[in-house]
Amino acid sequence: MDFLCANHRQQFADLSLEERKELWLLWMERARTCIETNRWRDVVSLSGSAMDLASLEGPADESCMHLELTLATILVAQALSICGDLRGKERVLFRALDSLHADDQLAPSPECCGMEECVAVLLDRSRHAEFFSDHLNWCPSTFPFQRPVEGAVRVLH
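Residues numbered from 1 in each chain as written. Predicted model: local features only at pLDDT ≥ 70, side-chain atom pairs only at ≥ 80, totals over all residues. Heavy atoms only, no water.

Draft legend 1. Main features of the overall build of the chain. What the chain contains, in helices and strands, is seven helices and zero strands. In sequence order, the chain lays out its α and β elements as α-α-α-α-α-α-α. When each of the 157 residues of the chain is scored for burial, the buried share is 42%. Total accessible area computed for the chain in this model is approximately 8,900 Å², and 50% of it derives from carbon and sulfur atoms. (Helix = DSSP H or I, 4+ residues; strand = E, 2+ residues; numbered from the N terminus. Buried < 20%, exposed > 50% of the residue type's maximum accessible area, 1.4 Å probe, protein only. Areas by Shrake-Rupley, 256 points an atom, 1.4 Å probe, with all protein chains shown as cover.)

Pasting the structure below:
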């Protein structure tokens, strides 16, 4: 499941790490605004694009966006779940885990945020809200990690 087209992937891969991080943050903040108005398809699009951006390979000396990949993956997976696309949720989680495991084979850099921690967070849903709070200063109540979302669950009687 790709969120960015091939042309945009190439265009964004050519950006510096700083430019990619700025664009990533812009998309995540827009996704946060969409959360507040329950526009879940927009959250999927924005956070999915942020996930793709974070998984792009950049120049060898500045390719560490594991933290951003983890945060975007958590958000897009949660939004897909709320939209009822559990298969899509699984696909993005597996894709992010594959990307993190592939990068684990690279020599660690001093600036790296710790791939093992990112993998552990992706696998432990109970850590998601705290991870967002720690790294983006998002209050857990502004993110649908632990609160029910109206209209997201269909109850059959």
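Draft legend 2. Seen up close, the nonpolar core. Judged by nonpolar contacts, the single largest core of 44 residues is most densely connected at Trp24, Trp27, Met28, Val43, Leu75 and Phe132. Those elements that provide at least two residues to this core are helix H1 (6–13), helix H2 (17–36), helix H3 (40–55), helix H4 (66–82), helix H5 (86–103), helix H6 (115–123) and helix H7 (128–136). Looking at which element gives the most residues to this core, the answer is H4, with 10 residues. (Core = buried A, V, L, I, M, F, W, Y, C linked by side-chain atoms within 4.5 Å.)

Draft legend 3. Seen up close, unusual backbone geometry. Of note, asparagine 38 is a non-glycine position whose phi angle comes to about 55 degrees, a positive value. Following the sequence through the fold, asparagine 38 ends up in the loop between H2 and H3. We note that asparagine 137 has phi near 60 degrees; this positive angle belongs to a residue other than glycine. Looking at the element boundaries, asparagine 137 is found in the segment after H7.

Draft legend 4. Expanded view of the packing of H2 against H4. Between H2 and H4, whose axes approach to 12 Å, the crossing angle comes to 20 degrees. Between H2 and H4, the interaxial angle falls into the category roughly parallel. Pair H2 / H4 crosses with left-handed handedness. On the side of H2, the interface is formed by Lys21, Trp24, Met28, Ala31 and Ile35, while H4 contributes Glu68, Leu71, Ala72 and Leu75. Residues that form the contact of H2 with H4 fall into these classes: seven nonpolar, no polar and two charged. (Axes fitted to C-alpha atoms, helices over the stretch in contact; angles between N-to-C directions. Parallel < 35°, antiparallel > 145°, perpendicular 65-115°, else oblique. Left-handed = near helix turned anticlockwise from the far one by under 90°. Contact = heavy atoms within 4.5 Å. Nonpolar A, V, L, I, M, F, W, Y, C, P; charged D, E, K, R; others polar.)

Draft legend 5. Expanded view of the packing of aromatic side chains. Counting across every chain of the model gives two aromatic pairs. Geometrically, the ring pair formed by phenylalanine 12 and tryptophan 27 is edge-to-face, given 5.5 Å between the ring centres and 80 degrees between the ring planes. On the criterion of sequence distance, the pair formed by phenylalanine 12 in helix H1 and tryptophan 27 in helix H2 is long-range, its members being 15 residues apart. Judged by its relative accessible area of 12%, phenylalanine 12 is buried. (Phe/Tyr/Trp six-rings, centres within 6.5 Å; stacked < 30°, edge-to-face > 60°.)

Draft legend 6. Summary view of the environment of glycine 88. Position of glycine 88 relative to the elements: it lies in helix H5. The exposure class of glycine 88 is buried, given its relative accessible area of 0%. Linking glycine 88 and valine 76, residues 12 residues apart in sequence, is a C-alpha distance of 9.3 Å. When near neighbours in sequence (up to four residues on either side) are disregarded, glycine 88 contacts Met1 and Leu80.

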